[in-house]
Amino acid sequence: MTQISENRTPDAEPVEMLLNMGPQHPSTHGVFRMVLWVDGEKVVDVEPHIGYLHRGSEKLCEGEQYHQVITLFDRLDYLANFNNEQVYCRAVEKLMGLEVSERSEYIRVILCELNRIASHMLFLATMGLDAGAMTPSMICFRGRERIQALFESVSGARMMHNYFRIGGLKEDVPDDFVPQVRDLLKLIKEDTDESDRLLSFNEIFLARLKNIAAISAEDAIDFGLTGPCLRASGVDYDVRKAAPYSVYDRFDFDIPVGLDGDCWDRYYLRVQEIYQSVRIVEQALDQLPDGEVASSLGRRLIRPPAGEVYVRAENPRGEIGVYLISDGSDRPYRIKVRPPSFCNLSALKLMMKDCWIADAVVILGALDIVLGEVDR
Amino acid sequence: MPATILLTVGLADFIWIVVGLFIMFTVLSVVVLSLTLLERKLLARLQLRLGPTRTGPMGVMQPIADAFKLILKEDIIPASSEKAIFWVAPIIVVVSAFMIWVTIPGTQNAVIQNLDLGLFYIIAFSVIGILGLVLAGWGSANKYGTLGGLRAAAQLISYEIPIIMVAISVGMLAQSLDMREIVNAQGSYIFFLVQPLGLVLFFIAGLAEVGRTPFDIYFAESEIVGGPFVEYSGAHWSVFFLAEYINTFAIAALTVILFFGGWSGPGLSGDWGIIWFLPKVYLVIMVIFWIRGTFPRLRIDQLMAFAWKVMVPMSFLSVVMTAVYLFYGWPAWSLTLMSSAGLFVVGYLIYKRMTGPTKLVSQTRIRQQALQDQRRAASQAPAEAGGD
Amino acid sequence: MFNCLKGMLVTLVSTMHGLRQPVTRQYPDSGNLLGHHPEPTPVKDRFMGFPALTWDEDVQEPFCTSCMVCIRQCPTQCMSSVMKDNPLHEEGKSSRRKIVDSFEINLNRCILCGICVEVCNFDAIVMTHEHEMSDFSRNAIRVDLPILLENGLKFQKETGWIPPTQRAKVQKGGDAAAETTAAGTET
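Residues numbered from 1 in each chain as written. Chains lettered and ligands numbered in written order. Predicted model: local features only at pLDDT ≥ 70, side-chain atom pairs only at ≥ 80, totals over all residues. Heavy atoms only, no water.

S.K.: I'm lost on the interface of chain B and chain A in this one. Help?
M.R.: When the parts come together, some accessible area is lost, and that loss is often what is quoted as the size of the interface. Every contact between the two is made by 42 residues of chain B and, on the other side, 57 residues of chain A. Here chain B packs against chain A, burying approximately 4,400 Å² in sum over the two surfaces, 59% of which is carbon and sulfur. Our count for the contact surface shared by chain B and chain A stands at three salt bridges. The salt bridge involving glutamate 223 of chain B is made with arginine 208 of chain A; its shortest N-O contact spans 3.6 Å. Counting the contacts that link chain B with chain A gives 12 residue pairs in polar contact (both at pLDDT 80 or more). At the level of elements, α1 (11–46), α5 (143–174), α9 (221–224), α12 (300–328) and α13 (332–380) of chain B are the ones that each hand at least two residues to the side of chain B that touches chain A. When residues of the side of chain B that touches chain A are assigned to their parent elements, the largest contribution, 13 residues, is made by α13 of chain B. Along the lines of polarity and charge, the residues of the side of chain B that touches chain A split into 16 nonpolar, 12 polar and 14 charged. (Contact = heavy atoms within 4.5 Å. Buried area = accessible area lost by both parts, 1.4 Å probe. Salt bridge = Lys/Arg side-chain N within 4 Å of Asp/Glu carboxyl O. Polar contact = N/O pair within 3.5 Å; in protein donor to acceptor, adjacent residues only side chain to side chain. Helix = DSSP H or I, 4+ residues; strand = E, 2+ residues; numbered from the N terminus. Nonpolar A, V, L, I, M, F, W, Y, C, P; charged D, E, K, R; others polar.)

As structure tokens, this is what we get:
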């Protein structure tokens, strides 16, 4: 940090104070650490420190058999477990050239979109908390809790599901799954509406978020932002539309885009995405076919052919990519994950230029990072 | 009864003062306990939660359990702190909070020492608490604490001015700074009816003064993690919060006394007026908690801009309007009109300050919608299916 | 400013709603505003709690033959077991030649993924509904065979557990069950 003292005369007293925010700070969303150089209340410079949650997941994957790796992918982005499981399963399926039954694809899409809603709801909750509003968090947690109760009845676990299998699912969904989800969607809409009415257009909230950390579309692309952070800047890019995977090309849904690329756009885009996900789930429920879901592989050990594959998917936080190299054994030779939160974090320094300390919290909140994925 | 010179007062007076202070301390402690429970329960209700339920029936013993826990907790003093200042700061805060209550009357007689310049005394003493916060922030040798202390100084001193000005205009209306006189002057009509602007300014500035949402900037949990209180624990920390709740109660009581006629109300006279007084105060407090459960927090620059660009000019305007009204001896409704007009100006100013982003938002939504339609029209054309 | 007031209305409405029906519950009770009821919050049927071993009521012995499949497939290597000759088999009462002698699961390491249940060929291990086993010492929830069997028996009694292979027989007929056994784990 040498460039912070441009305007300072050589023998003047230093005016910047080094403020260490995190890893134990209530609004760094886990164990993220920011070192802020502040001049009074203004942030002059920021340096992110990551790695407090580093578990070596990618290395651990090399020691696990293919179906065991799913449990590790659950723990990357621990707010969007189904999405992570799906992208890994798709990688192995692509490597092996497996066909997945229609029904399991549909169930995967339903669960992934519900998980996206759950993740975005948690985002709305924490965004409110970062800005100082307490009640939206409770409302959103209520909605998320309902989704997780559904997940529990489907997969047996509320967060680390381990439900998707290479080539299918662990087991079929419960009998009352479809009516249950239909009821749930109504409640999700209600919860989102309520939190939306309470927070989104509140003048104080707008004053806190609008025009904060606005970045242009060019900058967003240059920094490799994906997901809501990119779309907030007005770039119409969503892997579900740009390179449709699974059965996403069969649904009619919009990709909401923001225009100014500021924190409020990032916030409101996620609110809109919840409604779009609800639309997708509704259509998927209508189209849900019958059939087998369990993988034809059964419980057999998997030995994919040697080769490498790259698969990408749209996670709640952006584009996740899995690069998988197989040497023909029962364990992956190498797995590299492109975590969306980690790439989004790279724009932090640009966003926090000349902001206030209070803004720093909001900007980090609007990036919506998950440290399990950043540190891996 | 000039209580300050103990030599000149008789023994009976002295004993009354000691007993009165003791009663005040006890009553305020009970009030604070009730406020903590009320806040937790009410916030829980606002957020579809239950609040405390385990300690006693419906959790009513929770504040006592909290108090015990806080007193029994280890009182940690950071090694690098300024020990003396660290120790003294909470005491300054809590003493100033208690001192205010010496002259706030509950009813005509339920007051320890009524002063002719009661309102002046209250405002003068409430400023001392700020010193304690600044000292606490600085003495704990913590950067968050220092930031919080400086924020507290900036915020509380800025919002002191509107409070003083509104208090002056109320004093002008009542022709006295004696709290009892102010309440008695509201016999025919309560001052809220003639000074709605004053009430709004006083209430907003009062929220800022006690650091309640949306002005809880000097101890913002999600930014500077408690600000001046960040290094405090155990009894010291509880003393800070004792002071905060007493101040909240004081602001609510002052709002009621200055604008809602204090203990005066239909049907009850004399000391029975407390039955009118307490519900009014608790109602105001519940509004404070309600606001806490709804609003996000402002940023420090927005807060200061709001203070100096809206609150201070409007509070001066309120004094001027009261003066004009009194000088020309106009009927009361004329002041109501003027004050309401002022209120509209405040509303307009807030609206204009806040409407910038709102307008941006609506523009953004229109443009978004246009883009959305455009893209949907484009996607009607056969889309190319792409694989991974 | 209007949206601020709207927000206050929203919280007021949700307060009224909250007075009728709070959404939180008092752990472990499932109570509401008007007192609590002692029964714990129910878990879903498929809930995956800590693993436990099942008890064969017909022959009065564990299902587990200590074949080590689950142990090899466990992503966190949290189990270990020892095999022995089955005395009941020698007496002709049981069809199991080998039986589990000792079995330990370190529940601190267990990540509740359910892979062990999936790979087991003998219906010997289940994910129970047990999820409240906290203790003050680190090694207190390294559970051994008696506790595992006790937990498993509790689960079997609570849920009326049928071994999955027989369940498949009941539902789909014999061939499905045969298929499942045929697709046994290749180790």
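S.K.: What should I look at first to understand a nonpolar patch on the surface in this one?
M.R.: Together, Leu11, Phe14, Ile15, Trp16, Val18, Val19, Ile23 and Val27 of chain B make up an exposed nonpolar region whose accessible area comes to about 700 Å². On the accessibility criterion, phenylalanine 14 of chain B (35% relative accessible area) is partly exposed. (Patch = residues over 30% accessible without salt bridge, like charges linked within 9 Å, V, L, I, M, F, W, Y side chains within 5 Å. Areas by Shrake-Rupley, 256 points an atom, 1.4 Å probe, with all protein chains shown as cover. Buried < 20%, exposed > 50% of the residue type's maximum accessible area, 1.4 Å probe, protein only.)

S.K.: Would you take a moment to explain the sheet that holds strand β2 (residues 33–39) of chain A for this structure?
M.R.: Two strands in a sheet stick together by hydrogen bonds in their backbones, pointing the same way (parallel) or opposite ways (antiparallel). Residues and elements named next belong to chain A. If you trace the three strands from one edge of the open sheet to the other, you get β1-β2-β3, paired in antiparallel fashion. Both outer strands of the open sheet, β1 (17–21) and β3 (42–49), are each paired with one neighbouring strand and no more. Pairs of neighbouring strands in the sheet enclose a mean axial angle of 25°, with direction left out of account. Where β2 and β3 come together, seven bridges link them in antiparallel fashion. Bridge assignment links arginine 33 to a residue of β3, and that residue is histidine 49. (Pairing = 2+ DSSP bridges. Axes fitted to C-alpha atoms, helices over the stretch in contact; angles between N-to-C directions.)

S.K.: Help me understand the nonpolar core, please; the structure alone is not making it clear to me.
M.R.: Nonpolar side chains in soluble globular proteins tend to end up buried together. Core analysis: the largest hydrophobic core is formed by 115 residues, its most contacted members being Leu36, Leu114, Ile188, Tyr267 and Met352 of chain A. A per-element tally of this core places helix α4 (residues 102–131) of chain A first, with 15 residues. Contact partners of isoleucine 188 of chain A, with chain neighbours within four places excluded, come to Leu114, Ile117, Met121, Ile147, Ile274 and Val278 of chain A. Among the nonpolar cores identified, the runner-up in size contains 94 residues, and Leu156, Ile182, Leu197 and Tyr325 of chain B belong to it. (Core = buried A, V, L, I, M, F, W, Y, C linked by side-chain atoms within 4.5 Å.)

S.K.: Teacher, can you tell me more about the interface of chain A and chain C here?
M.R.: In this complex, chain A contributes 34 residues to the contact, which on the side of chain C involves 32 residues. Taking both partners together, chain A and chain C bury about 2,900 Å²; carbon and sulfur atoms supply 49% of that area. Counting every contact that joins chain A to chain C gives two salt bridges. Glutamate 118 of chain C is paired through a salt bridge with arginine 165 of chain A; the nearest N and O atoms lie 2.4 Å apart. Linking chain A with chain C are nine residue pairs in polar contact (both at pLDDT 80 or more). Breaking the side of chain A that touches chain C down by element, the ones donating at least two residues are α5 (135–155), α6 (177–200) and α7 (203–209) of chain A.

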